[in-house]
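# Structural overview
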Amino acid sequence: MELLFAASEVAPFSKSGGLGDVAEALPAALVAAGDAVAVVSPRYGFIDAAWHGFTPCERAVRARGDATTVWSRRRGRLTHYLVEHDRFFGSRRGLYGEHGHEYGDNAERYAWFCRAALEVPAAFGHRPAVVHLNDWPTALAAWLLRHEHATDPALARARSVFTIHNLSYQGSFSKELMPALGLPWELFGPDGVEFHGRLNLMKAGLAYADAITTVSPTYAREITTPEGGAGLDGLLRARAGQLTGILNGIDASAWDPSSDPHLTAHFDTHHLAGKAACKRSLQEELGLPERADLPLLALVGRLADQKGIDLVLAALPELTRRDLQLAVLGSGRRDWEEALQQAARHHGSRLAVRIGFDEGLAHRIEAGADLFLMPSRFEPCGLNQLYSLRYGTVPVVRRVGGLADTVEDFDGWRNGTGFVFTDYEPRALLTAVRRGLELYRDKRAWHAMMRRGMALDHSWARSAERYRELYRGLTER
Ligand code: ADP
Ligand code: GLC
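Residues numbered from 1 in each chain as written. Chains lettered and ligands numbered in written order. Predicted model: local features only at pLDDT ≥ 70, side-chain atom pairs only at ≥ 80, totals over all residues. Heavy atoms only, no water.

## Focus on the overall build of the chain
Which entries qualify depends on this criterion: Labels follow the DSSP assignment, with helices taken as runs of H or I lasting at least four residues and strands as runs of E lasting at least two, numbered in each case from the N terminus. When we talk radius of gyration, it's over C-alpha atoms, and the globule rule is simply 2.2 Å times the number of residues to the 0.38. Each residue is placed in one exposure class: buried if its accessible area under a 1.4 Å probe, protein chains only, is under 20% of its type's maximum, exposed if it is over 50%, and partly exposed if it falls in between. What makes two residues a contact is simply this: any of their non-hydrogen atoms within 4.5 Å. Using a 1.4 Å probe, accessible areas were evaluated by the Shrake-Rupley method; residue-level cover was limited to the displayed protein chains.
For the chain, the helix and strand inventory stands at 16 helices and 20 strands. For a compact globule of 477 residues, the expected C-alpha radius of gyration is about 23 Å, and the chain comes in at 23 Å, within 12% of that figure. The principal-axis extents of the C-alpha atoms in the chain amount to approximately 65 × 45 × 40 Å. Out of the 477 residues in the chain, the part that is buried amounts to 58%. Residue pairs in contact within the chain that sit at least 24 positions apart in sequence constitute 71% of those at least 6 positions apart. Counting only carbon and sulfur atoms, one obtains 49% of the accessible surface of the chain, whose full area is about 19,300 Å².

This is the structure in structure tokens:
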């Protein structure tokens, strides 16, 4: 089957979080299963397309009159396209914003991207059976497909799938932008893109895609409730028949502790010595005392409301009194960046904080830490707990979304892969950490726990098969 996959970030070219990872690995898994996939994303200013092996094709598409260069790179049945637009993407150093502020023209930028992405099939000779869209930046394409490509021979028969990676980012803008985006006012109604008097681009995906998916079964249920639906639960309940939760996988070759090029030592279930070496070099890299005996806790992620950083900050005074070390890597909310850095200045021998985005360090933290904190307020799937399991770093997670689906609470005896808590309270997090620290003292039980997590198979093959079934169901109708 031929597919068009569109996303606002695709690793290794661009990435701000898990979407970039998924947009890299899922198309590759679909290709491995026999499909042909064209992946389209924007060429942001920081992407050196030629270095990544792309070649340019000038004026390949002309979305709304703007002729644009499209860069392409073909590897077997997997083709990547980077669409160029100097003002919207080429001149930007960030993806969605810079210095903690969103760009003011994100609606125009991504509406343009949606149109450019849908011109790629005709321009490059693809006839996708399914167009797979991801999150609000690509949502408008579900409507465009039906209204601007209804007679396009390359796309007229294509079905659309819209995947919600995160319902809390909806692409909400002033309705006054409708004409500038080339959208008719008929679309601005409760069944279209209107939401509380504003233009809501995610709604275009929810209302017009032939199928909707999200990235874990539990999140699929949560978003149909008033507590988890971010205001869109009514629409999602109305479309419940077309909504499924398919768990994300991980790229098992990029995240493999036995061969990861970011690490100084390697390990696997049978040879754990390399992990101790990774811990030592991580402590050295972060300026923490090189103590094999102290449990090393870690957190890597966007410092956004979703991630439970306020719980960690509230728990810090107690955590830093204990015999442990904590490493944090992330960026996002300025006040939290500053609070974490301030705490690190006070507790330098116990707490190391790195603000920024550092792929290599993220891998080294996964490898070197003993426990990984993900106390998320909500979590559509979460990839970091899956990387942690694979790297023998026991996750401490809140029982929400994909965390609930992938981490099994330790039963106090010999089952479970992590420590799970329910209440969104610093106390609950601390209790789960305390349970972890207790087990850490019992080396045999701890190693058994690590090995149970490491033995799990969260590679993409199975989840990719679920997507293929969904695609087939849509196209056979
Ligand atoms: P989300 O998509 O909500 O950010 P996920 O757990 O699904 O959460 O994925 C996060 C991805 O982004 C992981 O690959 C993680 O390692 C990476 N990541 C997040 N913040 C950073 C950072 N500051 N430096 C390096 N990698 C990061
Ligand atoms: C989102 C979610 C995260 C998920 C990722 C990839 O950013 O916050 O939970 O793993 O998308 O689907």
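## Let's talk about the site of ligand 2
What counts is decided by this rule: Proximity is defined per residue: any heavy atom of the residue falling within 4 Å of a molecule or strand makes that residue near it. In the analysis that follows, any N or O atom pair within 3.5 Å is treated as a polar contact, provided that within protein one partner can donate a hydrogen and the other can accept it, and provided that, for residues neighboring in sequence, both atoms belong to side chains. Lys, Arg, Asp and Glu make up the charged group, whereas Ala, Val, Leu, Ile, Met, Phe, Trp, Tyr, Cys and Pro make up the nonpolar group; the residues left over, Gly among them, are polar. The source of the domain bounds is an automatic or database domain assignment.
Residues in contact with ligand 2 amount to 14 residues; listed here are only the nearest, His165, Asn248, Gln306, Glu379 and Gly382. Interatomic distance of 2.8 Å between a side-chain N/O atom of asparagine 248 and an oxygen atom of ligand 2. If one sorts the elements of the shell around ligand 2 by residue count, helix H1 (residues 18–32) sits on top with three residues. Partitioning the shell around ligand 2 into residue classes produces six nonpolar, six polar and two charged. Residue assignment places the shell around ligand 2 across two domains, with domain 1 (2–249 + 460–475) and domain 2 (273–454) each supplying three or more.

## Quick look at the site of ligand 1
The full set close to ligand 1 counts 21 residues, and Gly18, Asp21, Arg302, Lys307 and Gly356 are the nearest of them. Here an oxygen atom of ligand 1 and a side-chain polar atom of lysine 15 are 2.9 Å apart. Asparagine 384 places a polar main-chain atom, nitrogen or oxygen, 3.2 Å from an oxygen atom of ligand 1. Considering ligand 1 on its own, with 560 Å² of exposed area, one finds that the protein chains cover 94% of that surface. Every element with two or more residues in the shell around ligand 1 is listed here: H1, strand S15 (296–303), strand S16 (325–332), helix H11 (359–368) and helix H12 (384–390). If you tally residues by element for the shell around ligand 1, the top one is S15, at three residues. Split by domain, the residues of the shell around ligand 1 number at least three in each of domain 1 (2–249 + 460–475) and domain 2 (273–454).

## Observations concerning the sheet that holds strand S5 (residues 78–83)
Condition: When DSSP finds at least two bridges between two strands, those strands are taken to pair. Fitted lines through C-alpha atoms give the axes, limited to the stretch in contact for helices. The angle between two N-to-C directions lies from 0 to 180 degrees.
A sheet is described by the order of its strands in space; here nine strands give the open sequence S3-S4-S5-S2-S1-S8-S9-S13-S14, paired in mixed fashion. With one partner strand each, in any of the chains shown, strand S3 (55–63) and strand S14 (243–245) form the two edges of the open sheet. The mean angle between the axes of side-by-side strands here comes to 25 degrees, regardless of whether they run parallel or antiparallel. Relative to S14, strand S13 (residues 211–214) runs parallel, the two sharing three bridges. Across the sheet, isoleucine 212 pairs through a bridge with leucine 243, a residue of S14. Along the sheet, H1 makes contact with strand S1 (2–6), strand S2 (36–42), S5 and strand S8 (130–134), crossing S2 at roughly 160 degrees. Here helix H16 (residues 461–475) sits on the sheet and contacts S1, S8, strand S9 (159–164), S13 and S14; the angle it forms with S9, its principal contact strand, is near 145 degrees.

## Focus: the pairing of S1
Basically, it comes down to this: If you view a crossover with the strands going away from you and the path from the first strand over the helix to the second runs clockwise, you call it right-handed.
S1 sits mainly inside the fold: four of its five residues count as buried. Across five bridges, the pairing between S1 and S2 is parallel. The residue of S2 that forms the bridge with alanine 6 is valine 40. One crossover worth recording links S1 to the parallel S2 by way of H1, and it is right-handed. Taken together, the four bridges between S1 and S8 define a ladder with parallel strand orientation. The partner of alanine 6 across the bridge, within S8, is leucine 133.

Take it as geometry only, folks, not as evidence of what the structure does.
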